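Listed below, chain by chain, are the residues.
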Amino acid sequence: MKHFYFKEKDKTNIHTVAFYNLENLFDTENDPLTLDDDFTPRGFKNWNKKRYEKKLYKLGKAISSVGYHKAHKSPAVVGLAEIENKKVIQDLVNSRHLKEKDFDIIHYESPDERGIDTGFIYQKRHFEVLKSEVEPLLVYDELGVRDYTRDILHVTGVLNNEPVHILVNHWPSRRDGAELTSYKRIEAAKTVHQIIERVKAVEANPSFIIMGDFNDDPFSESIKQHLVTPELYNPMEKLLNPYKRGSLNHKFNWNLFDQIIFSTNFFDIEEDTHAFAHADIFDEKFLAEWKGKYKGNPFRTYAGRKYLGGYSDHFPVYIQLKKY
């Protein structure tokens with residue numbers, strides 16, 4: 001399968017919606033307002049222009065290829081996680097494999113203590129932005145101290161003439177333990193539903209696509225019990241196999257923290273609307289380790305301080321919608 005310079009075929013009615021955690025896409029400049037010292041030429045990871053540009057090239061190649069085998073074109077929209085600032089997204093869409101596709105970007109600085117944000121890129125010929133905003137995720141520890149994490153990005157737009165609300169998430173991590181931090185992700189799920197209810201109060205039958213790195217699997221409490229409702233469908237439930245497949249691998253077990261969930265009106269087949277066609281993990285061989293004990297795992301940029309030169313420690317995920 002080739003991934004270079006393929007010709008876009010706009011006549012196909014399949015459109016790809018993707019999400020990708022980019023594994024710390026930082027520029028090489030020191031920002032005194034963020035914890036980016038490791039990602040500088042003199043930092044812990046010896047991050048430099050050559051490595052930065054190599055990562056942009058590889059990420060652009062990956063994004064341009066997601067879903068191409070069925071859609072015959074690159075994704076219409078892509079949600080992003082672990083980006084430092086607007087500049088790195090701009091550099092990404094200007095990279096070799098994306099620069100001819102006329103992607104535009106949406107980005108807001110978040111209060112995350114590491115200095116990483118979510119973002120959104122879209123092909124202007126397929127998606128029109130009507131409005132964008134961020135919803136603060138307010139979570140507190142047992143002492144009432146706020147945990148500063150990523151906001152939820154809410155993009156209101158038109159996908160091939162159909163109105164849609166897209167929510168891009170990067171929920172609080174499990175760094176201090178899955179159970180001890182689960183309340184944070186439950187609060188994130190509740191915040192998503194607050195956004196949904198506000199929209200439903202002013203729109204009849206709105207369509208939603210909820211994507212992100214949720215730091216929980218499809219059957220985790222935050223997702224299964226607090227996010228997914230009878231009006232929302234999670235196709236990722238059928239994709240996770242802890243022993244064989246997921247979007248990231250931890251201690252030789254697969255997780256599927258990266259998910260795309262959508263409102264059930266995407267099952268309705270009506271003229272001039274989109275209907276759900278397919279969901280998958282984009283775990284093509286070129287994105288994976290090709291040998292050794294980690295063979296098949298995402299080919300990451302770093303393992304600790306060791307530079308590997310890969311793409312990301314996550315695989316992208318995607319759904320495909322058929323336009324009728």
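Residues numbered from 1 in each chain as written. Predicted model: local features only at pLDDT ≥ 70, side-chain atom pairs only at ≥ 80, totals over all residues. Heavy atoms only, no water.

- As recorded in an unreviewed UniProt entry, the chain goes by the name Endonuclease, listed as coming from Abyssalbus ytuae.

### Examining the sheet that holds strand 13 (residues 274-281)
Step number 1: With mixed pairing, six strands are arranged side by side in an open sheet as 3-4-2-1-16-13. Unpaired on one side and paired on the other, strand 3 (103-107) and strand 13 mark the two borders of the sheet. Averaged over all pairs of adjacent strands, the angle between strand axes in this sheet comes to 20 degrees, irrespective of strand direction.
Step number 2: In terms of strand pairing, strand 1 (residues 14-25) meets strand 16 (residues 317-323) through six bridges, oriented antiparallel. The residue bridging His15 from the neighbouring strand is Leu321, located in strand 16.
Step number 3: Strands in contact with helix 1 (residues 49-65) are strand 1, strand 2 (77-83) and strand 4 (117-123); relative to strand 1, the strand with the most contacts, it is inclined by about 160 degrees.
Step number 4: Against the sheet, helix 3 (residues 86-93) contacts strand 1, strand 2, strand 3 and strand 4, and its axis sits at roughly 165 degrees relative to strand 3. (Pairing = 2+ DSSP bridges. Helix = DSSP H or I, 4+ residues; strand = E, 2+ residues; numbered from the N terminus. Axes fitted to C-alpha atoms, helices over the stretch in contact; angles between N-to-C directions. Contact = heavy atoms within 4.5 Å.)

### Some remarks on the side chain of Ser312
Step number 1: Secondary-structure assignment places Ser312 in the loop between strand 15 (306-307) and strand 16.
Step number 2: A distance of 3.1 Å separates a polar side-chain atom of Ser312 from the backbone nitrogen of His314.
Step number 3: In this structure Ser312 touches Tyr20, Asn21, Leu22, Glu23, Pro298, Phe299, Arg300 and Thr301, once residues within four positions along its chain are discounted. (Polar contact = N/O pair within 3.5 Å; in protein donor to acceptor, adjacent residues only side chain to side chain.)

### A look at the nonpolar core
Step number 1: In this structure, Tyr20, Leu80, Phe120, Ile121, Phe127, Ile166 and Ile209 are the most contacted members of the largest nonpolar core, which totals 64 residues.
Step number 2: By residue number, the principal contributor to this core is strand 1, which donates six residues.
Step number 3: Look past the residues within four positions of Phe127 in its chain and what remains in contact with it is Val77, Phe120, Tyr122, Val155, Gly157, Val158, Leu159, Val164 and Ile166.
Step number 4: The next biggest cluster of nonpolar side chains, apart from the first, holds 19 residues, and it includes Ile152, Trp171, Phe208 and Leu232. (Core = buried A, V, L, I, M, F, W, Y, C linked by side-chain atoms within 4.5 Å. Buried < 20%, exposed > 50% of the residue type's maximum accessible area, 1.4 Å probe, protein only.)

### Remarks on the packing of aromatic side chains
Step number 1: Inspection of every chain in the model, using the stated rule, returns 24 aromatic pairs.
Step number 2: A centroid spacing of 6.0 Å and a plane angle of 85 degrees characterise the contact between Phe39 and Trp47, whose relative ring orientation is edge-to-face.
Step number 3: Residue classification places Trp47 among the buried positions, given a relative accessible area of 0%.
Step number 4: Every member of this aromatic cluster is reached through a ring pair, and the members are Phe26, Phe39, Trp47, Tyr52, Tyr302 and Tyr307.
Step number 5: Positioned over the ring face of Tyr302 is Lys45, at 4.7 Å from the centre of the ring. (Phe/Tyr/Trp six-rings, centres within 6.5 Å; stacked < 30°, edge-to-face > 60°. Lys NZ or Arg CZ within 6 Å of the ring centre and 35° of its normal.)

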